[in-house]
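# Observations on the model geometry
Okay, here's what each chain looks like letter by letter:
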Amino acid sequence: MRRRTYVPLLLVAAPGIIALGFGSPAGAAGSDNGVAQQTGTQIVTAASAATSGATSFTYSGTTQQGSQTYKLRMSVSTSGNGQGTITMGGQPIRLVKVGNTVYFSSTKAFWTKNEGQAAAQLIGNRWLSAPVTDKDFADIVSLLDAQQVAGQFSDTSGTTFTKGKTGTVNGQSVIAVTGKDTSGGGGGTVYVATTGKPYIVRITANGTSLNFSNYNKPVNPTVPANPIDISKLGNTATTTTTG
């Protein structure tokens, strides 16, 4: 078994989760922030700026890719550190990013099902580590980086926004704005807080529904104990499996 054979299995849920083209409560309640009186584009622009300006937040929900539904919960910060879990096929993949290293682990059952007994025996429930510069893990790193997540909503070009109704999402007063790709592609809806700062509270698009919460709350992941350096795993695996 070589390290590159199972990397795509860990990344399969990552692409497209947050690339939506443009949400528990968004933050402390406050007075009316006035966004409900703005145009759809202005609301999305204000929401993008507010979310990008937060020091941290959590996003959680589900995404559908093909016939598979993935659950995820990620807590990210502008420090670059983050942590979370993606659940696929009933098995959790735990993710941690601290400094310039990303860590991930799953269960022995996950490795057995997806890579066979040899991989499961070698890795088990242990953590693997890789540098954030490893291009094979770019999608995982993006899920754990607040700036990259918030940046998904900053470009409003090529999208027509239609302001919808006000309502409540997870106890937070919001206004819905629906975006439609002018080139005929997909679209989605963003729910923006109408009190306090105009944070993004929820997004729905293309089989994905995510809630945004815990704005500006500390995110302090710890480095897992005794991780396996993935750059050395190929040689270790080869030695183990060939005897």
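Structural notes, computed from the coordinates. (Residues numbered from 1 in each chain as written. Predicted model: local features only at pLDDT ≥ 70, side-chain atom pairs only at ≥ 80, totals over all residues. Heavy atoms only, no water.)

### Re the overall build of the chain
Basically, it comes down to this: Put simply, DSSP marks the helices as runs of H or I at least four residues long and the strands as runs of E at least two long, and each gets a number from the N terminus on. For each residue, the accessible area found with a 1.4 Å probe, counting protein chains only, is set against the maximum for its type, and the residue is called buried under 20%, exposed over 50%, and partly exposed in between. We get accessible surface area from the Shrake-Rupley algorithm with a probe of 1.4 Å; when it comes to residues, only the shown protein chains can shield them.
When helices and strands are tallied, the chain shows 7 helices and 12 strands. When the 243 residues of the chain are sorted by exposure, 45% land in the buried category. Accessible surface for the chain amounts to roughly 10,800 Å². Of this, 49% is attributable to carbon and sulfur atoms.

### A look at the packing of aromatic side chains
Under the convention used in this document: Between rings of Phe, Tyr and Trp, where Trp is taken as its six-membered ring, a pair exists when centres lie within 6.5 Å; planes separated by under 30 degrees are stacked, by over 60 edge-to-face, and by other angles tilted.
Tallying each qualifying case throughout the model produces 6 aromatic pairs. Ring centres of F57 and F212 lie 5.7 Å apart, and the angle between their planes is 35°; this geometry places the pair in the tilted category. Note that F57 is positioned in strand β1 (residues 56-65) and F212 in strand β11 (residues 208-213), a separation of 155 residues in sequence. With centroids separated by 5.7 Å and ring planes inclined at 40°, the aromatic side chains of F57 and Y215 adopt a geometry described as tilted. Placement of the pair is F57 in strand β1 and Y215 in the loop between β11 and β12 (228-229), with a sequence separation of 158 residues. Both residues of the pair, F57 and Y215, count as buried. Within the aromatic cluster, the residues linked to one another by ring pairs are F57, Y59, Y199, F212 and Y215.

### Side note on the environment of P224
We apply this condition: When checking whether two residues touch, look at their non-hydrogen atoms; a contact exists if any pair is within 4.5 Å.
Checked against the element boundaries, P224 lands in the loop between β11 and β12. Counting along the chain gives 96 residues from P224 to L128, while the straight-line C-alpha distance between them is 9.1 Å. Apart from residues no more than four positions distant in its own chain, P224 is found in contact with V96, Y103 and W127.

### Considerations on the side chain of T63
We count it as follows: The term polar contact refers here to a pair of N or O atoms within 3.5 Å; inside protein, the definition further demands a hydrogen-donor-capable atom paired with an acceptor-capable atom, and it admits residues adjacent in sequence only when both atoms are side-chain atoms.
Tracing the chain through its elements places T63 in strand β1. T63 gets classed as buried once you look at its relative accessible area, which sits at 2%. Here the side chain of T63 touches T208 through a polar contact of 2.6 Å, side chain to side chain.

### Remarks on the sheet that holds β12
As a reminder of what qualifies: A pair of strands is treated as paired once DSSP finds two or more bridges between them. Orientation is described by lines fitted to C-alpha atoms, with helices fitted over the stretch in contact, and by angles between N-to-C directions that extend from 0 to 180 degrees.
Within the open sheet, the 12 strands sit side by side as β7-β8-β9-β10-β11-β1-β2-β3-β4-β5-β6-β12. Their pairing is mixed. At either end of the open sheet lies a strand with only one pairing partner, and these are β7 (159-169) and β12. Pairing between strand β3 (residues 82-88) and strand β4 (residues 91-98): 7 bridges, direction antiparallel. Across the sheet, the residue bridging to Q83 is V96, located in β4. Across the sheet, helix α2 (residues 40-53) touches β1, β7, β8 (172-181), β9 (187-193) and β10 (200-205), and the angle it forms with β7 is around 70°.

### Side note on α2
Put simply, the test is: By definition here, a helix of n residues has an expected span of 1.5 Å times n minus one.
Helix length check: α2 (14 residues) gives 20 Å between terminal C-alpha atoms against 20 Å at 1.5 Å per residue, within 8%. Taken together, the buried positions of α2 are G40, I43, V44, A47, S48, A50 and T51. Residues of α2 that are buried sit in contact with β1, α6 (146-151), β7, β8, β9 and β10.

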